[in-house]
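Residues per chain are reported as follows:
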Amino acid sequence: MELRQLEYFVAVAEERNFTRAAERVHISQSGVSAQIRSLERELGAELFDRSARTATLTVAGKAALEHARAALASAEALTQAVGEVTDLIRGELTIGMVVGCTVTPLFDALAGFHRAHPGVELTLIEDNSDRLLDSVRDGSVDLALVGTAATPTDLESITVVSEPLVVVSPADHPLTRLHRVTLRDVCADTVVCMPPGTGLRTVFDNACTAAGLTPRIALQAGASDAIADLAARGLGVAILSESMVAAYPDLVARRIDDAPAPALLALAWKDAVRPAVRELVAHSRRAFASH
C-alpha cells in the first residue's frame, strides 16, 4: 500500500468521478484507475461501485475513507515536522535594519536566537525603510526594523516605538525662546533631516503638506548623530524623534505642536510560515518587551 494510492482513493471519493480526480492529482484517468484497482486487490475488497455514472463508495470504501485521510494527514505532519527541524538546524535568515538605527533590543533578539539556533546563518543588512519593506514583500529580507509613518497593512508587524517629531537646535537658537513651536516656525529656517524613504522624513513631509508648507531642506543624513551634529554647527534645525535627542545634551528639543502624527519604529515580516522566522519574531517580541 502506497501513499499515492491513498491520495488517489481520497480524490476519487471526494470528486465522485475518476476523470475529475485524475485532473486533481495531475495524472491520467487510466493511471488513477490502475492504482485504485491495485489498492482494492491488496485490501481484498472493492472500494467503489462503478455501475453508475458517479463513483460511489461501497461499504468497504466508506470504512476506509477516514483512515486514508488520517494516513495522509500523518504523512504531511511528518514532512512538516522534519522540515521545521531542518529549517532551525541549517537555515538562513536575512534581517534588515534602517540605516543609522542602532537599537539594542534587536541585537539582543539576534543574540538570543543565535544561542538557541546556532545552525541558522544570520545576515544583517542596512537600507532605508521603503526599500527594506519592499525587500520583505519580495522575500529577499525575512524581517526588518523600519521607521515608518504607518504600519504596513500588507505585512505582519509590531510597533516598538511611537513618538512625536521634535525640532532640535542649539540652546541659543530663536526657536528655543518660543512659547510653542509650529511647523511654520520650523520652515522659516533651513532644515536638516533624514532622506526620503525614511519614516521620519515621511512623517515630516506629510505634516508639512497638510499644513501647506514647503520646508527648505538644507542637508540630509541617514544617521541621527550626523543630523544632530549638523544642527549643532548651525547648518539648520534638525528633525528627529523624541528619544533620539537624549544623547545630545547641548541641543534643545521642542515638540512641534501642529505635527501630532507620531513617527513609528516597527518590526515587519511577510509571514511566519517558516519556523526560523517564527522563532526570530518570538525572540524579538521578548527583547523589545523587556526594554
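The structure reproduced in this document is the subject of the present report. Note that the structure is a prediction, hence the values are computed from the model and not measured.

Conventions we followed
- Residues numbered from 1 in each chain as written.
- Predicted model: local features only at pLDDT ≥ 70, side-chain atom pairs only at ≥ 80, totals over all residues.
- Heavy atoms only, no water.
- Helix = DSSP H or I, 4+ residues; strand = E, 2+ residues; numbered from the N terminus.
- Buried < 20%, exposed > 50% of the residue type's maximum accessible area, 1.4 Å probe, protein only.
- Pairing = 2+ DSSP bridges.
- Axes fitted to C-alpha atoms, helices over the stretch in contact; angles between N-to-C directions.
- Core = buried A, V, L, I, M, F, W, Y, C linked by side-chain atoms within 4.5 Å.
- Contact = heavy atoms within 4.5 Å.
- Phe/Tyr/Trp six-rings, centres within 6.5 Å; stacked < 30°, edge-to-face > 60°.
- Polar contact = N/O pair within 3.5 Å; in protein donor to acceptor, adjacent residues only side chain to side chain.
- Salt bridge = Lys/Arg side-chain N within 4 Å of Asp/Glu carboxyl O.

This paragraph deals with the environment of R24. Tracing the sequence through the fold places R24 in helix α2 (residues 18–25). Since its relative accessible area comes to 36%, R24 is described here as partly exposed. Taking the C-alpha atoms as reference, R24 lies 9.3 Å from V12; in sequence the two are 12 residues apart.

Now for the sheet that holds strand β12 (residues 263–269). The mixed open sheet is built from five strands, whose spatial order is β4-β3-β5-β12-β6. Since the sheet does not close on itself, it has two edges, and those belong to β4 (121–127) and β6 (156–163), each with one partner. Strand-to-strand twist across the sheet, computed as the mean angle between neighbouring axes with direction ignored, equals 20°. Bridge analysis of β6 against β12 gives seven bridges, and the strand direction is antiparallel.

We now examine the nonpolar core. Ranked by internal contacts, the top residues of the largest apolar core, which has 33 residues, are L165, V167, L183, V186, F204, I239 and I256. Among the elements of the structure, β7 (165–170), α7 (183–187), β8 (190–193), α8 (199–210), α9 (224–232) and β10 (237–241) are those that each provide at least two residues to this core. The contact partners of I256, leaving out residues within four places of it in the chain, are L165, V166, V167, V181, T182, L183, V186 and I239.

With that out of the way, let us pick up the sheet that holds strand β11 (residues 251–255). Spatially, β9-β8-β10-β7-β11 is the arrangement adopted by the five strands of the open sheet, whose pairing is mixed. Unpaired on one side and paired on the other, β9 (216–220) and β11 mark the two borders of the sheet. Between one strand axis and the next, the sheet turns by 35° as a mean value, whatever way the strands run. Two elements, β7 and β10, share four bridges in a ladder whose sense is antiparallel. Following the sheet pairing, L165 is matched in β10 by S241. Running at roughly 150° to β10, α9 makes contact with β7, β8, β9, β10 and β11 of the sheet.

For the rest of this paragraph, the subject is the packing of aromatic side chains. Under the counting rule described, the total for this entry stands at two aromatic pairs. Ring centres of F18 and F48 lie 5.8 Å apart, and the angle between their planes is 70°; this geometry places the pair in the edge-to-face category. In this pair, F18 is assigned in helix α2 and F48 in strand β1 (residues 48–49), connecting sequence segments 30 residues apart. Following the ring pairs from residue to residue traces out a cluster consisting of F9, F18 and F48.

Turning our eyes to something else, we now look at the side chain of D142. With respect to the helices and strands, the residue D142 is situated in the loop between α6 (129–138) and β5 (143–148). In terms of polar contacts, D142 uses its side chain to reach the backbone amide nitrogen of T94, at 2.8 Å. Within the local environment of D142, its side chain forms a polar contact with the side chain of R274, the two groups lying 3.3 Å apart. Not counting chain neighbours up to four residues away, the residues in contact with D142 comprise E92, L93, T94, A268, W269, K270, R274 and V277.

The next point concerns the pattern of salt bridges. Taken as a whole, this structure holds 17 salt bridges when the rule is applied. For D142, the salt bridge is made with R274, and the minimal N-O distance between the two is 3.3 Å. Placement of the pair is D142 in the loop between α6 and β5 and R274 in the loop between β12 and α10 (275–289), with a sequence separation of 132 residues. Relative accessible area serves as the criterion here: at 28%, R274 is assigned to the partly exposed category. Linking D257 and R180 is a salt bridge whose minimum nitrogen-to-oxygen distance equals 2.9 Å. Here R180 lies in the loop between β7 and α7 and D257 lies in the loop between β11 and β12, a separation of 77 residues in the sequence. By relative accessible area, which is 40% here, D257 ends up partly exposed.

A positive phi angle, close to 60°, is found at R16, a residue other than glycine. For R16, the position within the fold is in the loop between α1 (3–15) and α2. Overall, R16 belongs to the partly exposed group, its relative accessible area being 44%. Notably, H26 is not glycine yet its phi reads approximately 65°, a positive angle. Mapped onto the fold, H26 is located in the loop between α2 and α3 (29–43). Since its relative accessible area comes to 70%, H26 is described here as exposed.

Taken by themselves, the reported measurements are silent on function.
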